Amino acid sequence: MAASANFAAARVASNRVEYDAERRPTLIPCVAQSASQLQMRRSLLLLLLFVLASATLNLPVALQMQRARQAPQSPPLINESGALAAARGWPAATPHTTPWPTPSVWQSLGNAGYERVNVYATTTPADGTPGQFNMQVERMGWPLPALERVQMWWPWDDPAWTTSAYSDPPLRLAWPGALLNPLLIGTALWIVFVLPVQGFCAVRRRLRARYACCRHCGYPCGTNDVCSECGKPFAEPARDS
Ligand SMILES: [Zn+2]
């Protein structure tokens, strides 16, 4: 027990040196910079991993959110008609070369991760038979829509509106959410889980450098090139004795 204590005391004595204020400007910046670069690389790697993980989950989560379409319909959050509906226009491209008539009703409902837009228009041709146009667009994903489904109805029997386009095209990507969701979520996770730790380590590293201690374990720097406590090398030869 006594021998162990004596050994520890001797090691401290051999490792500790008088703090030389004149060495601080040359030693400490190198130590801090090396550790900072290492931590920066780790930090960027974690950011990349968070973004990749978010990208992997982006579309499956969006697919899961389309289950909301089976839920009972709630009243529209937006329900506009007349000039307001006309100003909003159709929520997706119409399938004909001839433009669809101006929307007369524009409705939107949904919640976080799921949005449904229904837009209606009516024509009154010369023969007096009104033509009904309807477009329903569903957007799924969070925080931005990553998937989009469009369904359309138009006067099928009217030769003026004949087209080979699909009225119910397949589910498609909504590019803003498909591309930006991984960046937004990955960065948010990085800010919550990595940034505080990085800040704490940076402060601790600066304090250890200020007091001439090993940046890895906090043990006082000695005259060696490696720390006698943890064995890690200092960023530069410890110092001239
Ligand atoms: Zn150490």
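Here the structure is shown first, and the text comes after it.
Residues numbered from 1 in each chain as written. Predicted model: local features only at pLDDT ≥ 70, side-chain atom pairs only at ≥ 80, totals over all residues.

**Things to note about the sheet that holds strand β2 (residues 105–111)**
- The strand order across the open sheet formed by six strands is β1-β2-β3-β4-β5-β6, and the pairing between neighbours is antiparallel. The sheet is open, and its two edges are formed by β1 (78–81) and β6 (172–173), each paired on a single side.
- Summarising the sheet, strand β4 (residues 131–140) and strand β5 (residues 147–153) pair through seven bridges and their orientation is antiparallel. By the bridge assignment for β5, Glu138 is matched with Arg149. (Pairing = 2+ DSSP bridges. Helix = DSSP H or I, 4+ residues; strand = E, 2+ residues; numbered from the N terminus.)

**A word on helix α4 (residues 175–193)**
- Its 19 residues place the ends of α4 27 Å apart at the C-alpha level, agreeing with the 27 Å of an ideal helix rising 1.5 Å per residue.
- Where α4 bends most, at Asn181, the angle is about 35°, and the proline Pro182 comes one to four residues later.
- For α4, the set of buried residues is Gly177, Ala178, Asn181, Pro182, Ile185 and Gly186. (Expected span 1.5 Å × (residues − 1). Bend = angle between axes of the 7 residues up to and from the residue. Buried ≥ 20, exposed ≤ 12 C-beta atoms within 10 Å, placed from the backbone.)

**Looking at the nonpolar core**
- Formed by Ala85, Trp100, Trp106, Val117, Val119, Ala121, Phe133, Met135, Val137, Val150, Met152 and Trp154, the largest nonpolar core amounts to twelve residues.
- If you list the elements that add at least two residues to this core, you get β3 (114–123), β4 and β5.
- Not counting residues within four places of it along the chain, the set of residues in contact with Ala121 comprises Trp100, Pro101, Thr102, Pro103, Ser104 and Phe133.
- Core analysis: the next-biggest nonpolar cluster, separate from the first, contains seven residues, Met65, Tyr114, Ala146 and Ala178 among them. (Core = buried A, V, L, I, M, F, W, Y, C linked by C-beta atoms within 7 Å. Contact = placed C-beta atoms within 7 Å.)

**A few points about unusual backbone geometry**
- Cis geometry is found at the peptide bond from Trp142 to Pro143, where omega equals 0°.
- Along the chain, Pro143 falls in the loop between β4 and β5.
- One non-glycine residue, Ala212, adopts positive backbone phi at about 55°.
- Tracing the sequence through the fold places Ala212 in the segment after α5 (195–210).

**Looking at α5**
- In a regular helix each residue adds 1.5 Å, so 16 residues correspond to 22 Å; α5 covers 22 Å between its end C-alpha atoms and thus fits that length.
- For α5, every residue scored as buried is listed here: Arg205, Arg208 and Ala209. End-on view of α5: buried residues confined to an arc of 95°, all on one side of the axis. The exposed residues of α5 that point more than 90 degrees off its buried face are Pro196, Gly199, Phe200, Val203, Leu207 and Arg210.
- Among the residues trailing α5, Ala212 stands out with phi positive, at a value near 55°. (Arc of directions from axis to C-beta.)

**A few points about the pairing of β4**
- Bridge count between β3 and β4: ten bridges; the pairing is antiparallel. Looking at β4, one finds that Glu115 is bridged to Arg139.
- Hairpin geometry of β4 and β5 is characterised by an intervening segment of six residues between the two adjacent antiparallel strands and by a positive phi of about 140° at Gly141.

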